[in-house]
Amino acid sequence: MQEKPATAERTIKLDSTVRVRFAPSPTGGLHVGSARTALFNWLFARHAGGVVVLRIDDTDVARSETRHEESILEDLRWLGLDWDEGPDTGGPVGPYRQSERLERYRAAAAALLATGHAYHCFCTEERLEALRAEQRAAGVTPRYDRRCAALSSEEAGRRLAGGEPAAVRFAVPAAEVAVDDALRGVVTVGASALGDFIILRSDGVAGYNFATAVDDAAMGITHVIRGDDHLTNTARQLLLLRALDALPPRYAHHGMILDPEGGKLSKRHGATSVGEFRELGYLPQALVNYLALLSWSHGEEEILEPEHLVTEFELERLSPSAAAFDRGKLDWLAHEHVMRLDPEEHARRFAARLPAGTPPQAAAALAAAAQPSLSAYGEAPAFAAAVLEPPQLDEAAVALVGGAREQLEHLAEARAVAAEWLEPAAARALLAAYREWGAARGLSAKRLLMPLRLALTGREHGPELHYVLAALDRATALDRVREALDRADPSSSAKGARP
RNA sequence: GCCCCCAUCGUCUAGCGGCCUAGGACACCGGCCUUUCAAGCCGGCGGCACGGAUUCGAAUUCCGUUGGGGGCACCA
């Protein structure tokens, strides 16, 4: 018996308002993969002027935790992905936690039982496990053998009345299911690959596919954008929706995120959760931009702010293939976003990452020095420490400093009569005068400045020197120069130390 | 094992039968700038997985192979 595609004749009304949902499971933090899926849904809905629903899929009672729900909401907010209806805000089709909707699932299951679309199953876990092992060994797709479907209603009723635990299974029709995917066209899944799955566990809690189908219908969800790992689930949900006589949403299955080697994304390759990227100090708009660019593109433009993404997003341009997570490209994009940030906003974020007690003048100078090169604010402490922490000069550095005594003493004199703190511009002017003075004596910029850098920071590399000078107060700068000179030639310290 | 999906530079992608001796971005390499390292700017390297078929013409369509990914729970 051939059956026509389920969705073809049941398309969503064109004039209906777009309604999408994020449906995270609170069994852990928000993964970048889930965040990207949420982002696509959000972009699609916001672009269309639609409604975003946040639904907590917490039917896994054993693994769901409130603290995870809270952290997911926090991560979503941090990313700027807001919702119109959800467990915190409420809404017309609530409640928005599946654990609070169990009665609805039971009622729907009862309806399916009554119409013969579902049946009670008394099989034990042990039997099911053995069955699966057997099937696997025989090289066939493991699936329920429908033993309990053959039970007469009298017998089932008798066993139920006797208190025997029973789950409810959906009777999958022996036909093919056609998923009309927005990105892939019609994908046909043989029902033989599905098996009669459980819609209500023996403890009375709904299974994932059932709760999802019931809620997508009850909440008026018009579009479901999700990873292609859900393709076979979609077939199940379509069957369920049809049995429930409900209109299915439009589905779009995008590709998944892979690790840099093309495998499954895992911790082995660094941060994988939104929370980790936040802690590393990435700008949320940068992570959003990067995630959007994995599987989606907009011409040659790559650096896009969230508002821009909303106006340009088109579902049809989502790629059906998988994409590897590239930390290098994320860092480049993040860097671009840092450079575009308002300098004051940047300085505020930078300073917030510095140790307590860092002088504001130092923080300001270092922030200005760092803006053209940072990718994430987690880099701030090390960037600042390289300048602020007492310098450690090695032998070579000491020798270089010793060879530049005259220049350094001249610079120290100039610094000694200047303000306690120098703005970067003032420091730059001071250095310009120093270079002029040196040039008149035939000293190259390098011979003037490298010894100074070494004396001040002990390092060959670092921010431009005027920022270094601006980050150190007068006393500290002078102490460092004198100390370095002292080490170069202790005997001349009396000469070197001027009032 | 069975079922499903995917397949353009190392990576993300543009390309939707002739505008393609395949464009952009990251990375990489080289140069410039420069007190250093970065950053920035300029240039270079580098790809249609393979085999058939359709067509006057294929990266673009179809079939197969190979490769990768996903699914196959009283998890979601």
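Because the structure is predicted, anything quoted here is derived from the model rather than measured.

Undergrad: Explain the overall build of chain A here, please?
TA: When you go through chain A residue by residue, the secondary structure sums to 21 helices and eleven strands. Relative to its length of 499 residues, chain A is extended, with a C-alpha radius of gyration of 33 Å against a globular reference of 23 Å. Viewed in the frame of its principal axes, chain A has a C-alpha envelope of about 110 × 50 × 40 Å. Counting the 499 residues in chain A, one finds 48% classified as buried.

Undergrad: Just checking my understanding: could you explain the pattern of salt bridges for this structure?
TA: Side-chain pairs of opposite charge can arise whenever the charged atoms involved come near each other. In this structure the tally under the stated criterion is 28 salt bridges. Across the pair Arg127 and Asp145 runs a salt bridge, and its minimum N-O distance is 2.7 Å. Of this pair, Arg127 sits in helix 4 (residues 125-137) while Asp145 sits in the loop between helix 4 and helix 5 (153-161); the two residues are 18 residues apart in sequence, bridging distant segments of the chain. Judged by its relative accessible area of 35%, Asp145 falls in the partly exposed class.

Undergrad: How do you make sense of the protein's contact with RNA strand B when you look at a structure like this?
TA: In the vicinity of RNA strand B there are 58 residues, among which Gly139, Arg184, Arg201, Glu302 and His461 approach most closely. Among the atoms of RNA strand B lying within 4 Å of the protein, the sugar-phosphate backbone contributes 75%. In the model, a base nitrogen of RNA strand B is placed 2.9 Å from a nitrogen or oxygen of the Ser202 side chain. Listed by contribution, the elements that provide at least two residues to the surface near RNA strand B are helix 4, strand 6 (185-190), helix 7 (231-243), strand 11 (323-324), helix 11 (327-340) and helix 18 (445-457). Broken down by element, the surface near RNA strand B gets its largest block of residues, five residues, from helix 11.

Undergrad: Is there a simple way to explain helix 13 (residues 360-370) in this structure?
TA: Residues separated by three or four positions in an α-helix point in the same direction, a consequence of the helix having 3.6 residues per turn. Regarding helix 13, the residues found buried are Ala362, Ala363, Ala365, Leu366, Ala367, Ala369 and Ala370. In the core, the buried residues of helix 13 are packed alongside helix 12 (343-352), helix 14 (380-388), helix 17 (424-440) and helix 19 (465-471).

Undergrad: How do you make sense of the sheet that holds strand 3 (residues 118-121) when you look at a structure like this?
TA: What holds strands together in a sheet is hydrogen bonding between their backbones, with the strands either parallel or antiparallel. Pairing is antiparallel across the open sheet formed by three strands, whose spatial order is 3-4-7. Looking along the sheet, the strands with just one partner apiece sit at the ends: strand 3 and strand 7 (198-200). Strand-to-strand twist in this sheet, taken as the mean axis angle between neighbours without regard to direction, amounts to 45°. Strand direction decides the pairing type here: strand 3 and strand 4 (residues 167-170), joined by four bridges, are antiparallel. The partner of Ala118 across the bridge, within strand 4, is Phe170.

Undergrad: Where do I start with the packing of helix 18 against helix 20 (residues 474-488) in this structure?
TA: The geometry of a pair of packed helices is captured by two quantities: the angle between their axes and the separation between those axes. Contact geometry of helix 18 with helix 20 gives a least axis separation of 8 Å together with a crossing angle of 105°. When the axes of helix 18 and helix 20 are compared, the pair comes out roughly perpendicular. Contacts from Leu452, Ala455 and Leu456 of helix 18 reach helix 20 at Ala477, Arg480, Val481 and Ala484.

Undergrad: In this structure, what is going on with the side chain of His337? I would like to understand it.
TA: Turning to its location among the elements, His337 is positioned in helix 11. Residue classification places His337 among the buried residues on the basis of a relative accessible area of 2%. Polar side-chain contacts of His337 include one of 2.8 Å to the side chain of Asn289. Contacts of His337, omitting those with residues within four sequence positions, involve Leu283, Gln285, Ala286, Asn289, Ile303, Leu304 and Glu305.

Undergrad: So what exactly am I meant to see when it comes to the packing of aromatic side chains here?
TA: Working definition: an aromatic ring pair is given by the centre-to-centre distance plus the angle between the planes. Tallied over the entire structure, the rule returns eight aromatic pairs. Taking 5.6 Å as the distance between ring centres and 45° as the angle between the ring planes, the aromatic pair formed by Phe170 and Phe197 counts as tilted. Of the two residues, Phe170 sits in strand 4 while Phe197 sits in the loop between strand 6 and strand 7, which places them 27 residues apart along the sequence. Pairwise contacts between aromatic rings join Phe277, Tyr282, Tyr290 and Phe325 into one cluster. A cation sits over an aromatic face here: Arg159 above Phe122, 4.5 Å from the ring centre. A cation sits over an aromatic face here: Arg169 above Tyr144, 3.6 Å from the ring centre.

Undergrad: Explain the environment of Ala322 here, please?
TA: Following the sequence through the fold, Ala322 ends up in the loop between helix 10 (306-312) and strand 11. For Ala322, a relative accessible area of 42% puts it in the partly exposed group. Setting aside chain neighbours within four positions, we find Ala322 in contact with Gly255, Met256 and Leu258.

Undergrad: Would you take a moment to explain unusual backbone geometry for this structure?
TA: In most cases, non-glycine residues show a negative phi, while peptide bonds are predominantly trans. Here the bond from Gly94 into Pro95 is cis, since omega is -5°, no more than 30 degrees from zero. When you line up the elements, Pro95 lands in the loop between helix 2 (66-79) and helix 3 (102-114). Located in the positive-phi region is Asp245, a residue other than glycine, with phi close to 60°. The phi dihedral of Ser295 is positive, around 90°, even though this residue is not glycine. For Ser295, the location among the structural elements is in the loop between helix 9 (284-293) and helix 10. Classification of Ser295 by relative accessible area gives buried; the value is 9%.

Undergrad: So what exactly am I meant to see when it comes to the packing of helix 1 (residues 32-48) against helix 9 here?
TA: Where helix 1 contacts helix 9, the axes come no closer than 9 Å and their chain directions differ by 85°. Taken together, helix 1 and helix 9 sit at an angle that is classed as roughly perpendicular. Where helix 1 abuts helix 9, its residues Val32, Ala35, Arg36, Leu39 and Phe40 lie against Val288, Leu291 and Ala292. For the contact of helix 1 with helix 9, the residue count by class is seven nonpolar, no polar and one charged.

Undergrad: Whenever I open this one, the nonpolar core confuses me. Can you help?
TA: Across soluble globular proteins, nonpolar side chains show a tendency to be buried alongside one another. Among the nonpolar cores identified, the biggest contains 104 residues, and Leu76, Phe325, Phe350, Tyr434 and Leu452 are the most heavily contacted of them. Residues within four places of Phe350 in sequence aside, it is in contact with Ala363, Leu366, Ala367, Ala370, Leu374, Tyr377, Ala380 and Phe383.

Undergrad: I tried to follow the side chain of Arg415 on my own but got confused; where do I start?
TA: With respect to the element layout, Arg415 can be found in helix 16 (residues 405-416). No salt bridge is formed by the buried Arg415; the nearest opposite charge belongs to Asp473, separated by 6.7 Å. Setting aside chain neighbours within four positions, we find Arg415 in contact with Glu420, Trp421, Leu422, Leu430, Leu472, Asp473, Arg474, Ala477 and Leu478.

Undergrad: Honestly, the pairing of strand 2 (residues 51-54) in this entry has me stumped. Any pointers?
TA: Successive residues of a regular strand alternate their side chains across the two faces of the sheet. Burial along strand 2 is two-sided: the face carrying Val51 and Val53 and the face carrying Val52 and Leu54 are both buried. The pairing of strand 1 (residues 19-22) with strand 2 spans four bridges and is parallel. Looking across to strand 2, one finds that Arg19 is bridged to Val51. Remark: the strand 1/helix 1/strand 2 crossover connection has right-handed handedness.

About the criteria used
Residues numbered from 1 in each chain as written. Chains lettered and ligands numbered in written order. Predicted model: local features only at pLDDT ≥ 70, side-chain atom pairs only at ≥ 80, totals over all residues. Heavy atoms only, no water. Helix = DSSP H or I, 4+ residues; strand = E, 2+ residues; numbered from the N terminus. Rg over C-alpha atoms; globule rule 2.2 N^0.38 Å. Buried < 20%, exposed > 50% of the residue type's maximum accessible area, 1.4 Å probe, protein only. Salt bridge = Lys/Arg side-chain N within 4 Å of Asp/Glu carboxyl O. Near = heavy atom within 4 Å. Polar contact = N/O pair within 3.5 Å; in protein donor to acceptor, adjacent residues only side chain to side chain. Contact = heavy atoms within 4.5 Å. Pairing = 2+ DSSP bridges. Axes fitted to C-alpha atoms, helices over the stretch in contact; angles between N-to-C directions. Parallel < 35°, antiparallel > 145°, perpendicular 65-115°, else oblique. Phe/Tyr/Trp six-rings, centres within 6.5 Å; stacked < 30°, edge-to-face > 60°. Lys NZ or Arg CZ within 6 Å of the ring centre and 35° of its normal. Nonpolar A, V, L, I, M, F, W, Y, C, P; charged D, E, K, R; others polar. Core = buried A, V, L, I, M, F, W, Y, C linked by side-chain atoms within 4.5 Å. Lys, Arg positive; Asp, Glu negative; His and termini not counted. Right-handed = clockwise from strand over helix to strand, strands pointing away.

Nothing here speaks to function; it is all geometry.
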